[in-house]
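Residues per chain, in single letters:
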Amino acid sequence: MALLPILSYPDPKLRTIAQPVKEINEDIKTLIKDMFDTLYDAKGIGLAASQVDRHIQLIVMDLSDDKSGQRVFINPKITPLVEDKKPYEEGCLSVPEVYDEVERPTKVRIDALDGEGHAFSEEVEGLLAVCIQHEMDHLNGVLFVDYLSGLKQSRAREKVRKVLKQREKQLEAVKA
Ligand code: NI
């Protein structure tokens with residue numbers, strides 16, 4: 001098991017545009033495995049490669065409670081299927097302990113490759129629709145806090161700074 005460090009807001013590396021995956025080789029398969037380990041360790045539901053400083057179009061997701069719902073999306077394209085947008089409270093492993101509502105289309109089509117390189121097309125709603133749009137944003141260098149007001153963004157930066165400091169202290173306490 002390998003845990004990868006997750007970039008935190010406002011690290012400018014999170015703004016990098018991810019490039020398409022050209023070949024699903026052993027390197028990519030190892031990265032997918034490590035990203036799932038990292039996702040479960042951080043108790044998240046979705047992780048984009050951009051967040052672990054690998055700027056390729058790769059997303060892992062598991063919306064289940066028992067690690068039984070692993071999904072891999074490679075080179076995904078998202079098409080909104082409705083104009084209707086609804087707010088949903090989002091969080092992000094790169095913006096720890098910050099949660100706020102973002103409005104997104106409620107139904108989208110995903111065209112992507114799975115972890116084995118097989119192309120698929122799927123129409124999704126609900127949490128999966130929210131999550132894939134959030135992760136897709138990461139591949140384009142966009143974070144959910146970008147949709148919030150300037151005031152909320154500066155509060156988010158402050159919050160993340162505090163959380164990271166706290167975590168550092170906890171690590172030092174463990175070492176001491
Ligand atoms: Ni995120």
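Computed from a predicted structure; not experimentally measured.

What counts and how
- Sequence positions are assigned chain by chain, starting from 1 and proceeding in written order.
- Only residues with pLDDT of 70 or above have their local features reported here, since the model is predicted, and side-chain atom pairs are shown and tallied only from 80 upward, although totals for entire chains, interfaces and linings are computed over all residues.
- Values reported for side chains reflect all heavy atoms of the structure, with hydrogen atoms and water molecules removed beforehand.
- What makes a salt bridge here is a side-chain nitrogen of Lys or Arg within 4 Å of a carboxyl oxygen of Asp or Glu, nothing more.
- A run of H or I in DSSP counts as a helix once it spans at least four residues, and a run of E counts as a strand once it spans at least two, with each numbered from the N terminus.
- The rule is simple: take the accessible area with a 1.4 Å probe, protein chains only, and divide by the maximum for that residue type; under 20% is buried, over 50% is exposed, in between is partly exposed.
- Think of the donor list as every N, O and S atom within 2.8 Å of the metal, or within 3.2 Å for Na, K and Ca; water never makes the list, so a site can look incomplete.
- Here the expected length of a helix is defined as 1.5 Å per residue gap, with one fewer gap than residues.
- Any two residues whose heavy atoms approach within 4.5 Å are treated as being in contact.

Caption draft 1: Summary view of the pattern of salt bridges. The final tally for this structure, using the stated rule, is 13 salt bridges. Salt-bridge contacts for Asp100 lead to Lys152; the nearest nitrogen and oxygen are separated by 3.1 Å. Here Lys152 lies in helix α3 (residues 150-175) and Asp100 lies in strand β5 (residues 95-105), a separation of 52 residues in the sequence. Accessibility expressed as a relative area gives 18% for Asp100, which makes it buried. For Lys152, a relative accessible area of 35% corresponds to the partly exposed category. Overlapping salt bridges, with partners in common, bring together Glu90, Arg104 and Asp137 in one network.

Caption draft 2: Focus on the coordination of the nickel ion. Protein coordination at the nickel ion: the donors are Cys92 (SG), His134 (NE2) and His138 (NE2), at 2.1 to 2.2 Å from the metal. In the primary structure, the donors to the nickel ion are separated according to the pattern C-x41-H-x3-H. Separated by four residues within a single helix, His134 and His138 lie in helix α2 (residues 126-139), roughly one turn from each other.

Caption draft 3: Inspection of helix α1 (residues 26-41) at higher detail. For α1, which comprises 16 residues, the first-to-last C-alpha distance of 22 Å matches the rise-based estimate of 22 Å (1.5 Å per residue) to within 8%. For α1, the complete set of buried residues consists of Ile28, Leu31, Ile32, Asp34, Met35, Phe36, Asp37, Thr38, Leu39 and Tyr40. Tucked inside the fold, the buried residues of α1 contact β1 (46-48), β2 (58-62) and β3 (70-80). Residue Lys43 follows α1 closely and has a positive phi angle near 60 degrees.

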